[in-house]
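Observations on the three-dimensional arrangement
Here is what each chain is made of, one letter per residue.
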Amino acid sequence: MHNNRTTITQFIIEEQRQIKGATGDFTALLNDIVTACKVISNLVNKGALVGVLGSADTSNVQGETQKKLDIISNEVFIKSNEWAGHVAAMGSEEMDEVYQIPAQYPRGKYLLLFDPLDGSSNIDVNVSVGTIFSILRCPDGVENPVEKDFLQPGTKQICAGYALYGPSTMMVLTTGRGVNGFTLDQNIGEFILSHPNLRIAEETVEFAINMSNSRFWEPPVKRYIEECLAGKTGARGKDFNMRWIASMVAEVHRILARGGVFMYPLDSKSKDKGGRLRLLYEANPMSFIIEQAGGVSTTGRERIMDIQPSNLHQRVPVILGSKQEVERMIGYHREMG
Ligand code: F6P
């Protein structure tokens, strides 16, 4: 029975066979990403035993304090992906500038963007965290990619995925042909296809938002949440449930599993910066996954994957999840400005 389980490598190779002209480069790149995520999973899992918890006493380009594991995970991702000749350059939440592939290695045709450890405020309290990544094609003729080469709208992504380091470690992927989930079998060190063709329920009665920001929200968001909170006695005529893990990967994963809406909307606190979450290595890859699973992803005013990025660390408002609820939010933004 066990020998007919599909490993992630087998799955990717079989997908590649459907694509005319595929060389195997992409499959090899994904393999390296998978390896990086297994290494990070192992470190997250061992935690205090290997001395990786706590602050590194530095801050990233966003001005956020870096955890030791943020920096180590970034290093793991770079080392796993720089040597093989599939990547032309990388961009990461933890690095101000584009990372150039060292001269001793060949350069490939892909650009890799990642948030090596998302939700890292959760590390020290042993709550789920994750890695998010997005793969773009390096523009034709570009030998030394710079920031502008990464500034492609989300619709140009050729693959997006995340690893979730939770009670089990999972990898969820899309290459634009639906969304598939794999669970790490720790004993054999392989991700096994466990959640084929994930689809998001169109309806939901569950929302996720950081309620402590409510006084900063814009009117459409206030209205939506007030109506949810009013439950059966309010305009919606039904009771809602709320969750906030403060780990976008875990939040998106829950939505894939049982529906829901996740919001980090524009508010007066983050307005100057354009929002809270980052477009290129958080919002875009998650939007690709959500849309491929039948959900919707928007800023409230436009489809996230249509945004033309203006810089590597750009931030955007994010509202994503079950179709009917996100469309309702889009409607409230349209009505209320
Ligand atoms: O940096 C991104 C992130 O950690 C997300 O994973 C998460 O959804 C959000 O920030 C949590 O924000 P807050 O600390 O405001 O709850």
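Counting restarts for each chain: residues are numbered from 1 in the order of the written sequence. Owing to the predicted nature of the model, reporting of local features is limited to residues with pLDDT of at least 70; listing and counting of side-chain atom pairs is limited to 80 or more, with chain, interface and lining totals taken over all residues. Computation of side-chain values covers all heavy atoms of the structure but excludes hydrogens and water.

We now examine the site of the ligand. If a single non-hydrogen atom of a residue is within 4 Å of a molecule or strand, that residue counts as near it. The local shell around the ligand holds 13 residues, among which Asp118, Asn210, Trp244, Met248 and Tyr264 are the closest. Polar contact is the term for a pair of N or O atoms within 3.5 Å; when the atoms are in protein, one must be able to donate a hydrogen and the other to accept it, and sequence-neighboring residues count only if both atoms are side-chain atoms. In the model, an oxygen atom of the ligand is placed 2.6 Å from a nitrogen or oxygen of the Asp118 side chain. At a separation of 3.5 Å, an oxygen atom of the ligand approaches a polar backbone atom of Gly119. Only the protein chains shown count as cover for residues, with accessible areas throughout obtained via the Shrake-Rupley method and a probe of 1.4 Å. Contact with the protein chains hides 83% of the accessible area of the ligand, taken as 410 Å² for the molecule alone. Only β13 (261-264) and β14 (277-278) provide two or more residues apiece to the shell around the ligand. Put simply, DSSP marks the helices as runs of H or I at least four residues long and the strands as runs of E at least two long, and each gets a number from the N terminus on.

Here, any two strands with at least 2 DSSP bridges between them count as paired. Spatial strand order, β4-β3-β5-β6-β7-β8-β9-β10: eight strands in an open sheet with mixed pairing. At either end of the open sheet lies a strand with only one pairing partner, and these are β4 (99-100) and β10 (190-195). Whether two residues are in contact is decided by their heavy atoms: any pair within 4.5 Å suffices. A fitted line through C-alpha atoms represents every axis, and for helices the fit uses only the stretch in contact; the resulting angles, taken between N-to-C directions, go from 0 to 180 degrees. Sheet strands in contact with helix α2 (residues 25-46) are β3 (87-92), β5 (110-118), β6 (129-137), β7 (159-165), β8 (169-174), β9 (179-185) and β10, and its direction is about 165° off that of β6.

A few words on the sheet that holds β13. One open sheet accounts for five strands, arranged β12-β11-β13-β17-β15; its pairing is mixed. If you trace the sheet from one side to the other, it starts and ends with β12 (241-242) and β15 (296-298), each paired once. Sheet topology note: the strand β11 (residues 206-208)/β12 ladder contains two bridges and is parallel. Across the sheet, the residue bridging to Phe207 is Met242, located in β12.

This part is about the nonpolar core. Within the largest apolar cluster, 38 residues are counted, with the highest numbers of intra-cluster contacts made by Ile33, Phe77, Leu112, Phe133, Ile135 and Met171. Discounting chain neighbours no more than four positions away, the residues touching Ile135 are Phe26, Leu29, Ile33, Tyr110, Leu111, Leu112, Gln157, Ile158 and Cys159. Here the nonpolar core consists of buried residues drawn from Ala, Val, Leu, Ile, Met, Phe, Trp, Tyr and Cys, with membership extended through side-chain atoms lying within 4.5 Å. Per-residue accessibility, obtained with a 1.4 Å probe over protein chains only, is compared with the maximum for each type, and a residue is labelled buried under 20%, exposed over 50%, and partly exposed between these values. Listed in part, the 31 residues of the second largest apolar core include Ile132, Ile200, Val249 and Leu320.

Next up on the list: the packing of helix α5 (residues 219-230) against helix α8 (residues 323-336). Two packed helices can be described by the angle between their axes and the distance between those axes. Where α5 contacts α8, the axes come no closer than 8 Å and their chain directions differ by 135°. In terms of their interaxial angle, α5 and α8 are classed as oblique. You can see that α5 and α8 cross each other, and the crossing is right-handed. Seen from α5, the contacting residues are Pro219, Pro220, Val221, Arg223, Tyr224 and Glu227; seen from α8, they are Glu325, Arg328, Met329, Tyr332, His333, Glu335 and Met336. Throughout this description, any angle smaller than 35 degrees is read as roughly parallel, any larger than 145 degrees as roughly antiparallel, any in the 65 to 115 degree range as roughly perpendicular, and the remainder as oblique. Each crossing gets its hand from how the near helix is turned against the far one by less than a right angle, where anticlockwise is left-handed and clockwise is right-handed.

Our focus in this paragraph is the domain arrangement of the protein chain. By convention here, the domain bounds are inherited from an automatic or database domain assignment. When cut into domains, the protein chain gives domain 1 (8-195) and domain 2 (206-336). Put simply, the middle of domain 1 and the middle of domain 2, counted by C-alpha atoms, are 24 Å apart. Counting from both sides, the interface comprises 47 residues of domain 1 and, opposite them, 32 residues of domain 2. Accessible area that two parts lose when put together, evaluated with a 1.4 Å probe and summed over both, is termed the buried area. Roughly 2900 Å² of surface becomes buried between domain 1 and domain 2 when both sides are summed, with 63% attributable to carbon and sulfur atoms. Salt bridge, as used here: a side-chain nitrogen of Lys or Arg that lies within 4 Å of a carboxyl oxygen of Asp or Glu. Remark: the boundary between domain 1 and domain 2 carries one salt bridge. For the interface between domain 1 and domain 2, the tally reads 15 residue pairs in polar contact (both at pLDDT 80 or more). Sorting the residues of the side of domain 1 that touches domain 2 by element identifies β5, β6, α4 (147-150), β7 and β8 as the ones contributing at least two each. Residues are grouped as follows: Ala, Val, Leu, Ile, Met, Phe, Trp, Tyr, Cys and Pro are nonpolar; Asp, Glu, Lys and Arg are charged; all remaining types, including Gly, are polar. Tallied by class, residues from the side of domain 1 that touches domain 2 come to 21 nonpolar, 18 polar and eight charged.

What follows concerns α5. Look at α5: 16 Å from first C-alpha to last across twelve residues, which is about the 16 Å you get at 1.5 Å a residue. Three or more residues of α5 are buried, namely Pro220, Val221, Tyr224, Ile225, Glu227 and Cys228. Along the long axis of α5, the arc covered by the buried residues comes to 155°, so they all point the same way. For α5, the exposed residues set more than 90 degrees away from the buried face come down to Glu226 and Leu229. Buried-residue contacts for α5 involve β11, β13 and α8. In a helix, the anticipated span is given by 1.5 Å times the number of residues less one. The directions from the helix axis to the C-beta atoms form the arc being described.

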